[in-house]
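Structural overview
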Amino acid sequence: MRLTVNGQPYDLAIAGHESLVAILRGRLGLTGTKVACGRGECGACTVLIDGKPAYACLTLAAACEGAAVSTIEGLGAAERLHALQQAFIAHDALQCGFCTPGQIMAAAALLAQTPRPTEAEVRHGMSGNLCRCGAYPKIVRAVLDAAQRLEAARGA
Amino acid sequence: MAPRKRPPAPARGASAPPAPTEAHRPPRFVATKVEIEGREETKIVELPDRNPQPWDDAAELHVVGARVPRMDAVEKVTGGARYTADVLRPGMLWAAVVRAPAAAGRATLDVSAALARPGVRGVLTLDDVRGIRLDGMQLLDDAIHYAGQPLCVVCADHYALARAGAAAVRVTVEPAPHAVNLEQALADGAPRVRSRGNVSPRSPRLIQRGDVDAGLHDAEVTITREYRTPVALHSALEPHGAVAEWEGGRLSVWESTQGIFNTRSDLAKALGLGLSNVRVMKDYMGGGFGAKNGASAAAYLAAVAARKLGRPVRCAWDREGEQTDAGNRSATVQRVTLGAKRDGTLTAIVLDATIPLGMGGWEAGPGRIYHELHACPNVRTSETFVYTNTGPMASFRAPGHTEGAFGLESALNALAGELGLDPLELRRRNYATADQSRDRRYSAKRLDECYRRGAERFGWHDRAARRATTSATHVRRGFGMAACVWGGGGGPPAYATVRLNRDGTADVLTGAQDLGTGSRTVLAQIAAETLGAKLADVRTVLGDTERLPFASNSWGSITTASVGPAVRAAAEEARDRLFEAAAAMLDAGVTELSSRDGVISVRGSERTMTIGEACNRLGDVMIMGQGSRGPNPEQTTIPAFGAHFAEVEVDVETGRVRVVRIVAAHDSGRIINPTLAESQLEGAVLQGLGYALFEERVLDARLGLPMNPTLHDYKVPTMADAPAIEGFFVGGADTVANHTGAKGLAEPPIIPVAPAIAAAVADAIGAEMPEIPMTPWRVLAELKTAG
Ligand code: FES
Ligand code: FES
């Protein structure tokens, strides 16, 4: 089947039971997407499928035929950081960083849907992404800040 | 090797030594005391040649103390950071674990169906790992000690195949009676959990000072309470896991661990290898919180499987394994009696505690904080540790003190109510100015400043005016506070090397690890400050036993205070060498040189050159400095302190508690990076909030099985639960502690959270909260009892 990840098409032979995250991490070497529960409870594996957030651990890879999958690796590289990535750094919205790719992808989905979220919308919209290090207060600030940065960039 | 005879007491502490003469050379290897996770250990230390001038509050520092961004943040936000979970080796097999489906009994395995499955390359059972013991238990034992105990491991080409293989293993259990809680373990005729009995042979552990009977006799007011705390699970997002690979007789292991050197010795011992034939690596790590302090069962299993099957093997716990078999914070039952004079002066503190440990783990115990936090001449604690058929405990962020603070600080708040005294005032009246339990001075203590500035920031004294301002009539507002103490002085041994490259960039090499705390950044800041280098030119390399000098486990909040001074000493030595070389180039005396922001300048002249230019001119001459951590000051306790103030809203119809705001004031000496320190502080407050309100491992006592081994059912705080947290640090450098002035800060801020929130809930509903987590049903039950 054909899987498009971060704009790059891949032709892969995929077994019916294989999850998207297993393919991303195990076959494509895209280990930025993390697995912390493997059962849809933590959000560490959040990716975008056609712009919508999805738990890659619960998504069958075979079901992504023809869809556009975006992962943290596609969001921005070290030289060209996405506004969300910049804001996460500026606000120190991470500690161990294990939840961070999922947090950022969930935030990207949230901002795509709601470009100017209120603080309550951020808290609600991202409450499915667990962070055991407790970076939440700074994540909220980072997401609100990134929303502003993106807005400013659009206006410019 | 440890010397047979205990060496004499240190000849000196942090102060400068007398110049050694041949006739009067002080001993080079001396003993010093180091407090780790609340336990004081005696360590041998080699006196460093170099004892930098302490950075006191007047020291002019530019990089240390600056809010620079976390140095590995770019890797973390781009997905480039490699965790143990991301390590893939060519030809690597994946292991899946078969776990005991009962809490006690004997297991018989039939692995034939598993071996016949596609992609399955082999299994490990008891016979493969005989003699490897963890927490006193044989690995893969067929005698079942707790539900979730590993019984067998299936290795296959992919994880999904390994799991399918594991599911095909037939496990037959010949059941036996179990004891999974205190009631069952202490009942008459209880099944034997461990061969030597159900109560730890060291129990009861009795620690006392003064005469509590006389103290209670002198008391004008006495209160007695019983408090209960739950089993809490670390729930780090990266589960325990390791990858092992053999090359001839040499073993390489990548493990998600807080201690690479501990892991190395554990593995070498179990596998009969020399230490230099085992290499343990750990780069990024998805949290530990105390549960990853040596080789995990996963590491032993990966190493043995890789040897048996001749291929690299990854063995990692899945989430359910992590929530049942990766350590936990012990539950406690604490019966507390306090005696006091009418004016609040404490005359006696008595604790009688029972702690179910699970199958083992160390005996942290809630008792010690009762001796340490408040002044009182008469204190007695008795702790009884009980074995149960559940997974062993593992230290969890301020183990013992976090549990103990809930009892002690809740009792103190109850006493304040009884006396009609402000809880803060009661604490001030019992302010300890020295370490009474060990009869020593403190290196520094600024808890009074935490009290004052915390109360100010919170508006503690005008809280009454804010009480009525809740949104709805069924919502009541309350306020509470609590304090903490924790040993955060760190100590030796710890070593570092600082190496200047030809382009002037610097590598800081030390075998410590960064759990997500920010050690990588903080150590680079210390090196950059000392070298006068640009921070961006300094890189910290951690987590490799083969390439790096020893540093101890990252536990007990000791890393900055232990490794920081070693890094500073190493950087200072490198800088001195650099200056010697640069002096000739700049035609100046060594003492005329100074460096800052990557530029070396000559005092009183315009002549300058960059560190890069100097290094480049030296060609391949490598400037290097070595540093080590010196001894701790004699007869001194080096604690960190803090005080928390909580505001909550309680819905008296549903019993739901919402924490609105926490103000957390802490004294941890010099703060190397306030931004990262605040991140630690906020994270600890959130973990404490989870402990106070939601987190509790639930077991079915009849079946002996865990009921909530998932992140869905074991509730950790989410973003929606996060209150406003105002965390800050008071005071300045503790130069008695060590020459950087920094002390530990990662654990203290979890300690006072639960009692502060409990006090606020009690204040809101007019009923004390004797048990955490304060779930809606517990709140409603207390409301009902209170009428
Ligand atoms: S790993 Fe997918 S939701 Fe937790
Ligand atoms: S930063 Fe560690 S889990 Fe979120």
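Here the residue numbering is sequential within each chain, running from 1 through the sequence in written order. The order in which chains are written sets their letters, starting at A; the order in which ligands are written sets their numbers, starting at 1. Only residues with pLDDT of at least 70 get local features here, since the model is predicted, and only at 80 or more are side-chain atom pairs given and counted; chain-wide, interface and lining totals rely on the full set of residues. Think of the side-chain values as coming from all heavy atoms in the structure, minus any hydrogens and water.

Next up on the list: the overall build of chain A. Per the convention used, a helix needs a DSSP run of H or I reaching at least four residues, while a strand needs a run of E reaching at least two, with both numbered from the N terminus. The helix and strand inventory of chain A stands at six helices and five strands. Along chain A, helices and strands appear, N-terminal first, in the series β-β-α-β-β-β-α-α-α-α-α. Computed over the C-alpha atoms, the radius of gyration of chain A is 15 Å, within 12% of the 15 Å expected from 2.2 N^0.38 for a compact globule of 156 residues. Across its three principal axes, chain A shows a C-alpha extent of roughly 40 × 35 × 25 Å. Think of it in three bands: with a 1.4 Å probe and only protein chains considered, a residue is buried below 20% of the maximum accessible area for its type, exposed above 50%, and partly exposed in between. Among the 156 residues that make up chain A, the fraction classed as buried is 56%. Between two residues, a contact is recorded if the distance between any of their heavy atoms is within 4.5 Å. A separation threshold of at least 6 residues defines the contact pool for chain A, and within that pool the share at least 24 residues apart is 58%. In summary, the charge assignment counts Lys and Arg as positive and Asp and Glu as negative, without counting His or the chain termini. Every charge is mapped onto a representative atom, which is NZ of Lys, CZ of Arg, CG of Asp or CD of Glu. Of the charged side chains in chain A, 14 are positive and 12 negative; the average position of the first set lies 4 Å away from that of the second. Here the radius of gyration uses the C-alpha set of atoms, whereas the globule reference equals 2.2 Å times the residue count to the power 0.38.

What follows covers the overall build of chain B. For chain B, the count of helices and strands is 20 helices and 34 strands. On C-alpha atoms alone, chain B measures out to a radius of gyration of 27 Å, which is about the 28 Å that the 2.2 N^0.38 rule sets for 787 residues. For chain B, the C-alpha atoms occupy an extent of roughly 85 × 75 × 60 Å along the three principal directions. Burial status across chain B gives 64% buried among its 787 residues.

Taken together, the 45 residues of chain A in the interface contact 53 residues of chain B. Note on chain A versus chain B: buried area summed over both sides is about 3,900 Å², and carbon and sulfur give 61% of it. Salt bridges are counted wherever a side-chain nitrogen of Lys or Arg sits within 4 Å of a carboxyl oxygen of Asp or Glu. Counting across the chain A and chain B interface gives five salt bridges. Salt-bridge contacts for D86(B) lead to R25(A); the nearest nitrogen and oxygen are separated by 2.8 Å. Each polar contact in these results corresponds to two N or O atoms within 3.5 Å; when the atoms are within protein, one needs to be able to donate a hydrogen and the other to accept it, and residues that are neighboring in sequence are counted only if both atoms are side-chain atoms. The interface formed by chain A and chain B holds 25 residue pairs in polar contact (both at pLDDT 80 or more) in total. Residue contributions to the side of chain A that touches chain B peak at six residues, all from helix α6 (residues 136–155) of chain A. Looking at the side of chain A that touches chain B, its residues break down into 24 nonpolar, eleven polar and ten charged. Each of two parts loses accessible area, computed with a 1.4 Å probe, when they are put together; buried area is these two losses added. Side-chain classes are defined by residue name, with Ala, Val, Leu, Ile, Met, Phe, Trp, Tyr, Cys and Pro counting as nonpolar, Asp, Glu, Lys and Arg as charged, and the others, Gly among them, as polar.

Moving on, we come to the sheet that holds strand β26 (residues 599–602) of chain B. Residues and elements named next belong to chain B. Strands pair, by our definition, only if DSSP identifies at least two bridges between them. Within the open sheet, the three strands sit side by side as β25-β26-β27. Their pairing is antiparallel. Sheet topology places β25 (593–596) and β27 (608–610) at the edges, where each strand pairs with a single neighbour. When strand polarity is set aside, the average angle formed by the axes of neighbouring strands in this sheet is 25°. The pairing of β25 with β26 spans four bridges and is classified as antiparallel. In the strand pairing of β26, S594 is matched with S601. Fitted lines through C-alpha atoms serve as axes, helices being fitted only where they are in contact, and the angles separating the N-to-C directions of these axes extend from 0 to 180 degrees. In this fold helix α16 (residues 559–586) packs onto β25, β26 and β27, with an angle of close to 115° to the strand it touches most, β25.

A few words now on the nonpolar core. In a soluble, globular protein the nonpolar side chains are often hidden away together inside. Of all hydrophobic cores here, the largest spans 160 residues; its most connected members are F88(A), V143(A), I757(B), I765(B) and M774(B). Ignoring sequence-local partners within four residues, the contact set of I765(B) consists of R476(B), V650(B), V652(B), V779(B) and L783(B). What makes a nonpolar core is a set of buried Ala, Val, Leu, Ile, Met, Phe, Trp, Tyr and Cys residues whose side-chain atoms join them at distances within 4.5 Å. With 46 residues, the next largest nonpolar core counts V538(B), A614(B), I623(B) and A742(B) among its residues.

The next subject is the domain arrangement of chain A. All names here are of chain A. Where a domain begins and ends is set by an automatic assignment or by a domain database. In terms of domain boundaries, chain A breaks down into domain 1 (2–74) and domain 2 (83–155). Computed over C-alpha atoms, the centres of domain 1 and domain 2 are 21 Å apart. Contact residues are listed per partner, giving 16 residues for domain 1 and twelve residues for domain 2. For the pair domain 1 and domain 2, the summed buried area comes to about 1,100 Å², and 68% of that belongs to carbon and sulfur atoms. For the interface between domain 1 and domain 2, the tally reads zero salt bridges. Put simply, domain 1 and domain 2 have four residue pairs in polar contact (both at pLDDT 80 or more) between them. Of all the elements in the fold, those that place two or more residues in the side of domain 1 that touches domain 2 are β3 (46–49) and β4 (52–55). In terms of residue class, the side of domain 1 that touches domain 2 is built from eight nonpolar, six polar and two charged.

All right, on to the sheet that holds strand β34 (residues 724–729) of chain B then. All names here are of chain B. Read from one edge to the other, the open sheet built from four strands follows the order β21-β30-β31-β34, with strand pairing classed as mixed. Two strands lie at the open edges of the sheet, namely β21 (475–487) and β34, each paired on one side alone. Sheet twist, expressed as the mean angle between neighbouring strand axes with direction ignored, is 10°. Where strand β30 (residues 639–651) lies against strand β31 (residues 657–667), ten bridges are found, and the strand directions are antiparallel. If you follow G642 over to β31, its bridge partner there is H666.

Residue and element names in this part refer to chain B. The domains assigned to chain B are domain 1 (20–54 + 490–628), domain 2 (84–176 + 240–316) and domain 3 (332–489 + 635–786). Computed over C-alpha atoms only, the centres of domain 1 and domain 3 are separated by 37 Å. Each side of the interface is counted separately: domain 1 has 25 residues, and domain 3 has 26 residues. Summed over both sides, the interface between domain 1 and domain 3 buries roughly 2,100 Å², with carbon and sulfur atoms accounting for 53% of that surface.

Our focus in this paragraph is the side chain of T497(B). All names here are of chain B. Tracing the chain through its elements places T497 in strand β22 (residues 495–500). Polar contacts involving the side chain of T497 include one to the side chain of Q626, which spans 3.0 Å. Those residues within four positions of T497 in sequence are excluded, and the remaining contacts are D507, V508, L509, P549, A570, M624, G625 and Q626.

The next point concerns the side chain of T675(B). Relative to the assigned elements, T675(B) resides in helix α18 (residues 674–693). The class of T675(B) is buried, set by a relative accessible area of 15%. With near-sequence residues (within four places) excluded, T675(B) lies in contact with D92(A), K138(A) and R67(B).

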